[in-house]
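The primary structure of each chain is shown beneath.
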Amino acid sequence: MREHILNLDSLHVNLTQGSMLIVNFILAFVMFGVALGIKVRTFKSVFKKPTSVIVGLLLQWVALPALTCLLAIVLNPIITPMVGVGMILVASCPGGNMSNFLSAHSKGNIELSVSMTAVTTLFASIITPLNFWFWGSHYLRFAEIKRNIPELDIPFGDMLSQIILILGFPIVLGLLVSHYFPNFAKKLVKPTSVLSILLFVAMVAISLVQVLSGFEQRWEVYAGILSCLVVVIIHNAVALGSGYFGGKWARVPVRDRRSLTIETGIQNSGLGLALIFNPAIFPPELWQNNGGMIIITALWGIWHIVSGLTVATIFRRSPLKE
């Protein structure tokens, strides 16, 4: 498996200025759509009983990155450092906007889901670079002991400034529209959600096309992608499982547990892709041969929709009573 993944790592991908502009626009639009659904009254009922919110944030901000780092260490013999770092980057991202729809589909606590997405998105400028720097550094130190790897500088300051720039404006704009034009915002929420999903698929397609265009031996590429998909499936299962069993251990209500499961298993991998392609965060001279990192992040964006819909449908058909 590792040999196949190495074939992906051998490629360094740089987007053109035009492609990078498209990726940033898509991410900005997705963040604007998330912000449209953030209202003060959404938080009030949830934060009157904050246990589930606190549990959810601990799962999202602490448990998932820590478990991901541990999983990357366990899988170290069969993955490459770039893949391990990509896993940690995905785990460091905030919850994805698909989680709110999936939480409603599962008959979970939609207010809790929206609140968690809002909080993790609003604090992503700090939490994402902090978690990526902390857990990424720990993983790379372990990987370096086990084998010689390229010297990689885990960015913190550059990532912090770029995330504020990428997320800040669209989120503020969405909050302002939601507050001052609530009726207009309500009409925009559904179409922007649908369009966000379509644009995200387009972002993933751009990433995959950029990677595949640099290879000639297609069979080895497909074997590498399949190997990365196996890693993504395992990683996503750990994320979903940590949300479910974390909620069960904390004894939160069943509806809340469903939302915690989905929120922890659905990550904003689109943000991860935008960060990877940003040369100010991952300088090409330091982060060469990053194909595996891109593939892991892009495949997560596809697989978490499949797994999320599957889990949400199972929840929907299950009774709410223990």
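Not measured: the values here are computed from a predicted model.

1. Remarks on the overall build of the protein chain
Then step 1. If you tally the helices and strands in the protein chain, you get 14 helices and 0 strands.
Then step 2. Its helices and strands in sequence order give the protein chain the pattern α-α-α-α-α-α-α-α-α-α-α-α-α-α, from N to C terminus.
Then step 3. Counting the 322 residues in the protein chain, one finds 55% classified as buried.
Then step 4. Taking contacts inside the protein chain between residues at least 6 apart in sequence as the whole, the part at least 24 apart equals 86%.

2. So, the packing of helix α12 (residues 254-265) against helix α14 (residues 291-316)
Then step 1. Two numbers describe how α12 lies on α14: the axes approach to 10 Å, and their chain directions differ by 170°. The orientation of α12 with respect to α14, classified from their angle, is roughly antiparallel. Counted together, R258, T261, I262 and G265 of α12 and W300, H304, V311, A312, F315 and R316 of α14 form the full contact between these two elements.
Then step 2. The class makeup of the residues in the contact of α12 with α14 is 5 nonpolar, 3 polar and 2 charged.

3. As for a nonpolar patch on the surface
Then step 1. Taken together, the side chains of V172, L176, Y180, F181 and F184 present a nonpolar region at the surface, about 550 Å² in accessible area.
Then step 2. Examining the composition of the nonpolar patch, we find that 3 residues originate from one element, helix α9 (residues 157-180), more than from any other.

4. Some details on the environment of W135
Then step 1. Assignment of secondary structure puts W135 in helix α8 (residues 124-146).
Then step 2. The spacing of W135 and L67 is 68 residues in sequence and 9.8 Å in space, taken between C-alpha atoms.
Then step 3. With residues near it in sequence (within four places) discarded, W135 still touches P65, A66, C69 and I88.

5. Focus: the side chain of S92
Then step 1. Along the chain, S92 falls in helix α5 (residues 81-92).
Then step 2. Separated by 3.3 Å, the side chain of S92 and the backbone nitrogen of F132 make a polar contact.
Then step 3. Leaving out residues up to four positions away in the same chain, S92 has contacts with T128, N131 and F132.

6. As for α12
Then step 1. Under the 1.5 Å per step criterion, the end-to-end length of α12 is 17 Å for 12 residues, consistent within 8% with the ideal 16 Å.
Then step 2. Where burial is concerned, most of α12 is hidden: 11 out of the 12 residues are buried.
Then step 3. Listed in full, the buried residues belonging to α12 are V254, D256, R257, R258, S259, L260, T261, I262, E263, T264 and G265.

7. Describing the packing of aromatic side chains
Then step 1. By the definition in use, this model includes 4 aromatic pairs.
Then step 2. Centre to centre, the rings of Y244 and F245 are 5.1 Å apart; their planes meet at 90°, and the pair counts as edge-to-face.
Then step 3. Both rings, one in Y244 and one in F315, keep their centres 6.3 Å apart while their planes meet at 20°; by these two values the pair is stacked. In this pair, Y244 is assigned in helix α11 (residues 218-249) and F315 in helix α14, connecting sequence segments 71 residues apart.
Then step 4. Taking the relative accessible area as the measure of exposure, Y244 reaches 25% and is therefore partly exposed.
Then step 5. Lying across the ring of Y244, R257 places its NZ or CZ 5.4 Å from the centre.

What counts and how
Residues numbered from 1 in each chain as written. Predicted model: local features only at pLDDT ≥ 70, side-chain atom pairs only at ≥ 80, totals over all residues. Heavy atoms only, no water. Helix = DSSP H or I, 4+ residues; strand = E, 2+ residues; numbered from the N terminus. Buried < 20%, exposed > 50% of the residue type's maximum accessible area, 1.4 Å probe, protein only. Contact = heavy atoms within 4.5 Å. Axes fitted to C-alpha atoms, helices over the stretch in contact; angles between N-to-C directions. Parallel < 35°, antiparallel > 145°, perpendicular 65-115°, else oblique. Nonpolar A, V, L, I, M, F, W, Y, C, P; charged D, E, K, R; others polar. Patch = residues over 30% accessible without salt bridge, like charges linked within 9 Å, V, L, I, M, F, W, Y side chains within 5 Å. Areas by Shrake-Rupley, 256 points an atom, 1.4 Å probe, with all protein chains shown as cover. Salt bridge = Lys/Arg side-chain N within 4 Å of Asp/Glu carboxyl O. Polar contact = N/O pair within 3.5 Å; in protein donor to acceptor, adjacent residues only side chain to side chain. Expected span 1.5 Å × (residues − 1). Phe/Tyr/Trp six-rings, centres within 6.5 Å; stacked < 30°, edge-to-face > 60°. Lys NZ or Arg CZ within 6 Å of the ring centre and 35° of its normal.

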